[in-house]
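As a plain string of letters, each chain reads:
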Amino acid sequence: MNCPYCKSTITWVVSTWDFRGRIRRTRRCRICGRRFSTLESMTRNQLRPGRPVRRRPKISH
Ligand SMILES: [Zn+2]
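Residues numbered from 1 in each chain as written. Predicted model: local features only at pLDDT ≥ 70, side-chain atom pairs only at ≥ 80, totals over all residues.

Caption draft 1: Main features of unusual backbone geometry. One non-glycine residue, lysine 7, lies in the positive phi region at around 65 degrees. By the secondary structure assignment, lysine 7 is in the segment before β1 (11-19). A positive phi angle, close to 50 degrees, is found at arginine 20, a residue other than glycine. Along the polypeptide, arginine 20 turns up in the loop between β1 and β2 (22-29). (Helix = DSSP H or I, 4+ residues; strand = E, 2+ residues; numbered from the N terminus.)

Caption draft 2: Highlighting the pairing of β1. Pairing of β1 with β2 involves eight bridges; the strand directions are antiparallel. Counted as the bridge partner of threonine 11 is cysteine 29 from β2. Following β1, the chain reverses through two residues before pairing antiparallel with β2; arginine 20 in that reversal takes a positive phi of roughly 50 degrees. (Pairing = 2+ DSSP bridges.)

Caption draft 3: Local environment of the sheet that holds β1. Sheet architecture is open: three strands sit in the order β1-β2-β3, paired in antiparallel fashion. Among the strands making up the open sheet, the edge pair consists of β1 and β3 (35-41). Between one strand and the next, the sheet's axes are offset by a mean angle of 25 degrees, whatever the strand orientation. (Axes fitted to C-alpha atoms, helices over the stretch in contact; angles between N-to-C directions.)

Caption draft 4: Summary view of the pairing of β2. Note: β2 against β3, seven bridges, orientation antiparallel. Within the sheet, the bridge partner assigned to isoleucine 23 lies in β3 and is glutamate 40. Count of turn residues in the β2/β3 antiparallel hairpin: five residues, of which glycine 33 carries a positive phi of about 80 degrees.

The structure is reproduced here in structure tokens:
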């Protein structure tokens, strides 16, 4: 996520909360120190990260 002010890529998330099924994040830029909020839509997969899917390799003899 780039900073809209200085286009820096060094930002961190200050807070995250649910906003009508979307994720609203407040980020802070490390370069210019400004805060900006982003509204990100998320899918169910992102809602529940769960365990990584591991497939058992089929061993055929
Ligand atoms: Zn910035």
